[in-house]
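Notes for the structure review
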Amino acid sequence: QFALDAYVQLYAQSIEKSAEKKISVGSLEERIDDLNQFHALAVYRFGCRALFERHKLLLSLHLCSQVLKSMGDLKADEYSFFLFAGQVLDRSTQAANPAPEWITQAMWDNITEVDGNIDAFKGFQASMEQSLRDWKKWYSSAEPEKEALPGEWDGRLDVLQKLIVVRCIRGDRVVPATMQFISVKMDPKFVEPPPMDLEAVFEESTCTTPLLFVLTPGMDPTAQLNALAVLRNVQCNNISLGQGQEPKATKMIDDGSKAGFWALLANCHLCAFWLPALEKYLEKTFEAGPHKDFRIWLSSSPTPKFPIQLLQNCIKMTAEPPKSLKANVTRLLNNTTEESYCRVNELQKYRRLFFSLCWMHAVLLERKKFKMLGWNIAYDFNDSDFDISENILAIYLDLDPNEIPWDAIRYLIAEANYGGRVTEHPDNRVLRSYTNEFFREAVLQPKYMFSTLPTYYVPEDLSLTNLKNYVRDWPLSEPPEAFGQHGNSEISSAMVDTENMCGTIISMTGGAAGGGGGNRDEQVLATCSSLLEKLPENIDWEEVRERNESDSSPLKVCLLQEIERYNDLLTQTRASVKLLVKGIQGFVVISKDQEEVLNSLFAGQVPKAWLSAYPSLKPLSSWLPDLSDRIEQLNVWGFQGVPKVMWLGGGTYPTSLLTALLQASARKNMVSVDTLVFDFVVQNIEEANVTAMPKEGAYIKNMILEGAKWDSNQGALADADPMMLYNPMPIVHFKPVARKKVLTDGIYQCPLYLYPIRTGSRERPSFMIWVDLKAGHFNADLWTKRGTALLLSVA
């Protein structure tokens, strides 16, 4: 939130400062051009100061698109395609994919749609089919946005059109390609956020301007502010807000406004109910004319309860912790005093373990950049976790340096300390894997390596000064292998960043995508017409029940429940589309719910109201064929009998099918269902060659491995191929067997999730079951650190 007054003030400053920069003024047009360029950069830098790192590129792109649009240098249909990508509801007329081994369905949708809808790309699809080898080489390059496009296309397409090619084929490289686009069209300065300069911010402020730090977990700007106060020779008093602190805070503001010292009200979000009163109190204080040296500083985590007017009037700054392993380890070393570093009797062992703890703490913090392959939930580990763990190391080494109780140390660090924040069991396993690796006898031996990379290890000279010098030589950004991850993990998280960036820009522009792409209502009506035509018919529940009347198995109950839920979804979806059509045509008033449906359909997304039966991240173009496949499986099951091979992900509640399989086996063998568990037997057979159902349980198909691939020759997990984020899992026999002792040697307990959001929601958890798979040539801990999992759906 920015106030208009602040923007007007910035505009006036731009006029003055741009005149100072220009020694000789030419024509009026040149002066206006200079002013526009100067002011655009000033707006970018002003906005960056108040934005988190992940949002700064959004500001650059939005600013760039609006400037180009005002100059008539942005084709609306092309920019719209860049944001929305290809949306295909009907693939019946789509050309066959010429290379499905590396061109995914989403990529092929993009390629066929850009050829058919954007004039500059006429013949793109045919040209690509004729030179597949060249395009695969471009696709496989590490930085394709910097490579020349194959054939005539490099000279034929402009910068935005080349960005569209990256969006179509290499979604993971859209963010760096967007930075390149902005650099060419505007200036490289628009993708280089200025560093945080607290002194410069202070210079811009006045005694009647509040200054607000927007906080992120693990960051406290108090020390930075105190250092500035010392530099300025000003007293800085601070108070952390909370229950009962309001009178003390108002007194401090009152005293500061009279005496001319700085007042910091920290953690305003903890006292959100009092902020409206604070806003009025500050207005009175400013009207009374405070001392010229007085400054009121605020800090708060993002909260919707912060008063808008106060937020707009503040000079806003973001306070974020450092990113990268190098920055985090450096910060921990800088916070360590020589006195505490030398307090343990067994100095050499302590220092090796201390540096190992620094490394693990940094890894735990930075692992969140891998999204779901990092943590199911992004945890806010902080310095107190590190300090307590460091004390644990010191205490146990002083107690018995010869017989170090590794189990106790690992338990206290992984379970009691860091583990106290962790709520997801798969995340607990990750934490335990790292702790087992970094706190063991091997760490005390020379040349202990933290990862497979030669860069990261425990040096032999463990003085604080040498450690700082050693870490200073680390690269600014680290490869995934430093975390025990596969190179593909960065690609996976980059794809998410791309979708988040484009989705946010679409929401900022109200779904209008820069004003492109024809008439909104006409597009939505065409989508509605296609939906009504393609939506499958409801399944005849009564007929299915009558046909299976003699069947009293739990599977029949599961089938009827699934049909009921899918029929409700189809009925609701069909009614929603028909009502929306009437609303667009003017026969009924469009409600708020229908407005949301309209916006979603225009954006090519599935309306939230249609996701009541099962969660999905698919765009509308993929969701509809997927729904048809689900209905087809139920039709086959209901009218032809239980399928020989079942698609577990085709149900609304896959766990109910798994329970039904156990119940059916328990009845057949006359044992309690509680005594049964699944054994998982991977089959080396294609679905077409399966002749009959298994005697117990079911054959399950269409599961997908994320973070690994299945090696059919070895019958075990193996490294995924480069660029292959998801790999098909062969048919697996879910076989009910008597509960047995868990075998851990050479076995990786692989979590099975409903869809990529591994936490799911409170109403619908994503976790299904643990599937035992052979770990292959690697230790099971490797697959744990890589976040390897089975998915029933990739979106």
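Below: a short report on this structure. Computed from a prediction, not measured in an experiment: that's the story for all the values here.

1. Remarks on the pattern of salt bridges
Side chains carrying opposite charge are able to pair once their charged atoms draw close together. As enumerated under the stated definition, the model contains 33 salt bridges in all. Residues Arg91 and Asp109 are paired through a salt bridge, measuring 2.6 Å at the closest nitrogen-oxygen approach. Here the residue Arg91 occupies a position in the loop between helix H4 (76-84) and helix H5 (105-117), and Asp109 occupies one in helix H5, the gap between them amounting to 18 residues. When its relative accessible area of 2% is taken as the criterion, Asp109 is described as buried. Between Lys251 and Asp255 there is a salt bridge; the shortest N-O distance is 2.9 Å. In this pair, Lys251 and Asp255 both sit in helix H13 (residues 246-259), four residues apart, roughly one turn of the helix. Overall, the relative accessible area of 29% leaves Asp255 in the partly exposed class. The network of salt bridges with common partners includes Glu199, Glu203 and Arg232.

2. Examining the side chain of Asn428
Along the chain, Asn428 turns up in helix H21 (residues 425-438). The exposure class assigned to Asn428 is buried, which follows from its relative accessible area of 13%. Once you skip the residues sitting within four places of it in the chain, Asn428 turns out to touch Glu415, Gly419 and Val422.

3. What about the sheet that holds strand E14 (residues 747-753)?
If you trace the five strands from one edge of the open sheet to the other, you get E12-E9-E16-E14-E15, paired in mixed fashion. Sheet topology places strand E12 (726-728) and strand E15 (767-774) at the edges, where each strand pairs with a single neighbour. Each neighbouring strand pair of the sheet contributes to a mean axis angle of 35°, computed without reference to strand direction. Where E14 lies against E15, seven bridges are found, and the strand directions are antiparallel. Bridge pairing in E15 places Leu752 opposite Ile769.

4. As for the packing of aromatic side chains
For the coordinates displayed, the defined rule picks out 41 aromatic pairs. Joined through ring pairs, the aromatic side chains of Phe355, Trp359, Tyr434, Phe438, Tyr448, Phe450, Tyr456, Tyr457, Tyr470 and Trp474 make up one cluster. Here the basic side chain of Arg367 rests over the ring of Trp375, its NZ or CZ set 5.7 Å away from the ring centre. The aromatic ring of Tyr653 is capped on one face by Arg764, whose charged end is 3.8 Å from the ring centroid.

5. As for the pairing of strand E8 (residues 698-701)
The two faces of E8 match: Ala698 and Ile700 on one face and Tyr699 and Lys701 on the other face are all buried. Bridge analysis of strand E6 (residues 645-647) against E8 gives three bridges, and the strand direction is parallel. Looking at E8, one finds that Trp647 is bridged to Lys701. The pairing of E8 with strand E13 (residues 732-738) spans three bridges and is classified as antiparallel. Bridge pairing in E13 places Ala698 opposite Phe734.

6. Section: helix H24 (residues 520-534)
With 15 residues, H24 should reach 21 Å at 1.5 Å per residue; the first-to-last C-alpha distance of 21 Å fits that figure. Every buried residue of H24 is listed here: Val524, Thr527, Cys528, Ser530 and Leu531. Buried residues in H24, looked at end-on, bunch into an arc of 165°, giving them a common side. Residues Glu522 and Glu533 are exposed on H24 and point more than 90 degrees away from its buried face.

7. Things to note about the packing of H4 against helix H9 (residues 159-169)
Here H4 crosses H9 at 25°, and the two axes come no closer than 9 Å. Judged on the interaxial angle alone, H9 and H4 are roughly parallel. Seen along the crossing, H4 lies across H9 with a hand that is left-handed. Along the contact surface, H4 presents Glu78, Tyr79, Phe81, Phe82, Leu83 and Phe84, while H9 presents Leu160, Gln161, Leu163, Ile164, Arg167 and Cys168. Considered class by class, the residues forming the contact of H4 with H9 number nine nonpolar, one polar and two charged.

The rules we used
- Residues numbered from 1 in each chain as written.
- Predicted model: local features only at pLDDT ≥ 70, side-chain atom pairs only at ≥ 80, totals over all residues.
- Heavy atoms only, no water.
- Salt bridge = Lys/Arg side-chain N within 4 Å of Asp/Glu carboxyl O.
- Helix = DSSP H or I, 4+ residues; strand = E, 2+ residues; numbered from the N terminus.
- Buried < 20%, exposed > 50% of the residue type's maximum accessible area, 1.4 Å probe, protein only.
- Contact = heavy atoms within 4.5 Å.
- Pairing = 2+ DSSP bridges.
- Axes fitted to C-alpha atoms, helices over the stretch in contact; angles between N-to-C directions.
- Phe/Tyr/Trp six-rings, centres within 6.5 Å; stacked < 30°, edge-to-face > 60°.
- Lys NZ or Arg CZ within 6 Å of the ring centre and 35° of its normal.
- Expected span 1.5 Å × (residues − 1).
- Arc of directions from axis to C-beta.
- Parallel < 35°, antiparallel > 145°, perpendicular 65-115°, else oblique.
- Left-handed = near helix turned anticlockwise from the far one by under 90°.
- Nonpolar A, V, L, I, M, F, W, Y, C, P; charged D, E, K, R; others polar.

Interpretation in functional terms is not warranted from these geometric data alone.
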